[in-house]
Amino acid sequence: MAKLAFVEKDFHHIPCGLMSLRRSIAVLICRLNRNDASCIKTGSKSASKDEGAMAEINQVSLGDAIYDRVCQDLVEGRLRPNEKVTIRGLAERLGTSSTPVRDAVQRLLRDEALVQRSVRDVRVPVLTEAQYLEIASIRRELEGFAAGRAAEMVGPKEIRRLKKIVERNEAAAVAGRWPQAVKYNQEFHFALVEAAEMPILLAILSGLWLRMGPLIAGYYAREQMGLVRHHQAIIAACENRDPAAAAAEMRADIDDAKEGIKRYIQSFTTGE
C-alpha cells in the first residue's frame, strides 16, 4: 500500500495528455485504504447493493492511475528504448495486482507507446529514423510556436519557474545524475507551453513526448552533454519580450540533437 504513496505528488506537474489522473485519486486512495473509516460509509442500507459496482469502478480507476504512471515514465524517460516491460514487474513496482496493469499495458500497446514482439515480450519501441524525424519536425514547429507565444505572455512568476528548472537541470548534470537532468529537460519544455497558456497544444505535445521521451532521455544519458544552453537563451528572450528569438532558440534546441539522436537510433541495429 505504501508503494503508491507517490501518486498525487508525482502527477502534479506532468500531464500525460491522454487521461487525467486526478479524477481517480479519491477512489484510488479509498481502494488502497479500505480499512480507513473515512473511506467507509457505515449504516447505509444501500452499501451492500453498491459493493459490486464500486469494486468495478475502483478497478477501472486503478487502471487509469497505472496507465498514467507508465505514461509519465515514458514521457520523462524513466523507461528507455528497447527496455522490456513485464506485467509482473510493473505490478510489483506499483504494489498492485496484475489485472489493472495488464489493462494499462493493452492501452499503451494500442497507443503504440509500447510494442509487443511476442506473447511475453513487451518493450518500449525504438523509433525508426523516419519516425523520429517526422516527430522532431512536428515538435520543431509546435514547440517553436509555443516558445514565441510564451515570450509574449510570461510574467515574473513564470520566469522564476523556468529559471529554477534550468538551475536544477544544470546541477543534476554536473553531479552526473542524468536521469534527473533529462527529467528537468522535459519539465522545461512542458512548463514553457504551460506559460504560453495553450492546454490543447500541451495535450498534443504530451502524445508526441510519449513516443519521444525514452529516445531523448537515452540519448542525453549516453552522450552526457548539456541540455540547457538554448533553454537559457529562451528565458532571456522571454525576459526581453522577443517571441522571434524564443521560437528560433527552441527550434535550434531540437535541431542540435538531431544527428546525435539518429546515431543513437542506429546503435540499436549495429550493437554499439
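Bear in mind the structure is a predicted one, so any value in this text is a computation, not a measurement.

### A few points about the pattern of salt bridges
- One pass over the structure, following the stated rule, counts 18 salt bridges.
- Note that arginine 78 is salt-bridged to aspartate 73, the shortest N-O span being 2.9 Å.
- A salt bridge links arginine 78 to glutamate 76; its shortest N-O distance comes to 2.9 Å.
- Among the ionic contacts, a cluster of salt bridges with common partners joins Arg69, Asp73, Glu76, Arg78 and Arg93.

### Side note on the layout of surface pockets
- Approximately 310 Å³ is the volume attributed to the second largest pocket.
- Thr86, Ile87, Val119, Arg120 and Val122 are, among the 13 residues lining the second largest pocket, the residues nearest its centre.
- Contributing elements (two or more residues each) for the lining of the second largest pocket: α4 (87-94), α5 (98-110) and β3 (121-123).
- With four residues, α5 is the largest single contributor of residues to the lining of the second largest pocket.
- Looking at side-chain class alone, the lining of the second largest pocket contains six nonpolar, three polar and four charged residues.

Analysis parameters
- Residues numbered from 1 in each chain as written.
- Predicted model: local features only at pLDDT ≥ 70, side-chain atom pairs only at ≥ 80, totals over all residues.
- Heavy atoms only, no water.
- Salt bridge = Lys/Arg side-chain N within 4 Å of Asp/Glu carboxyl O.
- 1 Å grid on protein atoms, 1.4 Å probe; cavity = no way out; pocket = protein on both sides within 12 Å on 5 of 7 lines; lining within 4 Å.
- Points joined across faces, edges and corners; volume = space filled by probe spheres on them.
- Helix = DSSP H or I, 4+ residues; strand = E, 2+ residues; numbered from the N terminus.
- Nonpolar A, V, L, I, M, F, W, Y, C, P; charged D, E, K, R; others polar.

Treat this as a map of the structure, not an account of what it does.
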